[in-house]
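Structural features, examined
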Amino acid sequence: MLKACLNGQRLPSEHPALPVTAAQLAVAAGAAVAAGAEAVHAHPKDADGRDTLDADVVTAVVEALRAAVPGTPIGLTTGAWASSDPGARLDTVRRWRTLPDFASVNWSEDGSVELAETLLGLGVAVEAGIWTPSDTEAWRRWPRRDESLRLMLEVNDASLPPADAVAAARELVESVGAQPGVPVLLHGLGEGAWAVLEEAARQGLDTRIGLEDALVLPDGRPASDNAELIEAALAVIGRISRAG
């Protein structure tokens, strides 16, 4: 499964095609799915382009995405940076009226278990974000871990060179083990994003790409938009698959 991560925490100044508004996200999602993405992950943003979990913004984003890519799973962030504290984040999520299909919950953040269980209670699937092997251990202690939609293993140090990013990715995969009980998605950020995507392809894992993770193509040229990144990722995955 290849997921499009459309914008991330980035600000509009970081890329001319970064989708910020609900309408922009809808256009970006439509192009990414047409290019081959099988799911979409987005960060709702306020008027300044900063991440928000506000119910009105979430409703606008989810409705726009659903209209643009009907039948495609839609996921949102719940990153702690988008809310002032764990309690406020929970209260905000409980006010969501139009719900995404899934939401990512970073297991290293305070209140992750309560947030995950709140989302499950709302009928929103949980994508458990794993940044370190200790996050894996904490997720394993969660009694409802088998209800996770997937484990999202993230090499989230965008400054790591490719070789170091791959080493970190392998450490995360090793921490999960051969049979975690749920699907596994592996991805990286920044300089190591493409190397980690290749590692995911070699290991037969789900992965993702988009302007959240990378602003350039595998050859280092600037990416024009999310759709071009999806097309490039499918080419990389196909090449590795053919190589056996």
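Details of the structure are given in the entry above.
I will try to describe carefully the structure that is included in this document.

So, the sheet that holds strand E4 (residues 102-106)
Sheet strands pair by backbone hydrogen bonding; their relative direction is either parallel or antiparallel. Spatial strand order, E7-E6-E5-E4-E3-E2-E1-E8: eight strands in an open sheet with parallel pairing. With partners counted over all chains shown, the strands left at the sheet margins are strand E7 (184-188) and strand E8 (207-209), one partner each. Ignoring which end each strand starts from, the neighbouring axes of this sheet average 25° apart. Relative to E7, strand E6 (residues 150-155) runs parallel, the two being bridged by five bridges. Bridge pairing in E7 links Leu 151 to Val 184.

Some remarks on the environment of Pro 161
Among the secondary structure elements, Pro 161 is positioned in the loop between E6 and helix H6 (162-176). Residue class for Pro 161 comes out partly exposed when judged on its relative accessible area of 34%. Along the sequence, Pro 161 and Ala 193 sit 32 residues apart, while their C-alpha atoms lie 9.3 Å from each other.

Regarding H6
With 15 residues, H6 extends 21 Å from end C-alpha to end C-alpha; this agrees with the ideal 21 Å at 1.5 Å per step. Of all the residues in H6, the buried ones are Ala 165, Val 166, Ala 169, Leu 172, Val 173 and Val 176. Around the axis of H6, the buried residues are gathered within 120° of arc, so they sit on the same side. Exposed positions of H6 whose direction lies more than 90 degrees from the buried face are Ala 163 and Glu 174.

Considering the nonpolar core
The tendency in soluble globular proteins is for nonpolar side chains to be buried side by side. Formed by 70 residues in total, the largest nonpolar core has its most connected members in Leu 6, Trp 107, Leu 119, Leu 151, Leu 153, Trp 194 and Ile 209. When residues no more than four places from it in sequence are discounted, the contact partners of Leu 153 are Ile 130, Leu 172, Val 173, Val 176, Val 184, Leu 185, Leu 186 and His 187.

Digging into the side chain of His 15
With respect to the element layout, His 15 can be found in the loop between strand E1 (2-5) and helix H1 (22-35). Of note is the side chain of His 15, whose polar atom sits 2.9 Å from the backbone nitrogen of Ala 17. Reaching out from His 15, the side chain makes a polar contact with the backbone oxygen of Ala 223 at a distance of 2.7 Å. With sequence-adjacent residues up to four places away left out, His 15 is seen in contact with Leu 211, Leu 215, Ala 223, Ser 224 and Asp 225.

Observations concerning the packing of aromatic side chains
Going through the model one piece at a time under the given rule, you end up with one aromatic pair. Above the face of the Phe 102 ring, Arg 150 is positioned so that its terminal group lies 5.3 Å from the ring centre.

About the cut-offs
Residues numbered from 1 in each chain as written. Predicted model: local features only at pLDDT ≥ 70, side-chain atom pairs only at ≥ 80, totals over all residues. Heavy atoms only, no water. Pairing = 2+ DSSP bridges. Helix = DSSP H or I, 4+ residues; strand = E, 2+ residues; numbered from the N terminus. Axes fitted to C-alpha atoms, helices over the stretch in contact; angles between N-to-C directions. Buried < 20%, exposed > 50% of the residue type's maximum accessible area, 1.4 Å probe, protein only. Expected span 1.5 Å × (residues − 1). Arc of directions from axis to C-beta. Core = buried A, V, L, I, M, F, W, Y, C linked by side-chain atoms within 4.5 Å. Contact = heavy atoms within 4.5 Å. Polar contact = N/O pair within 3.5 Å; in protein donor to acceptor, adjacent residues only side chain to side chain. Phe/Tyr/Trp six-rings, centres within 6.5 Å; stacked < 30°, edge-to-face > 60°. Lys NZ or Arg CZ within 6 Å of the ring centre and 35° of its normal.

Structural measurements only, silent on function.
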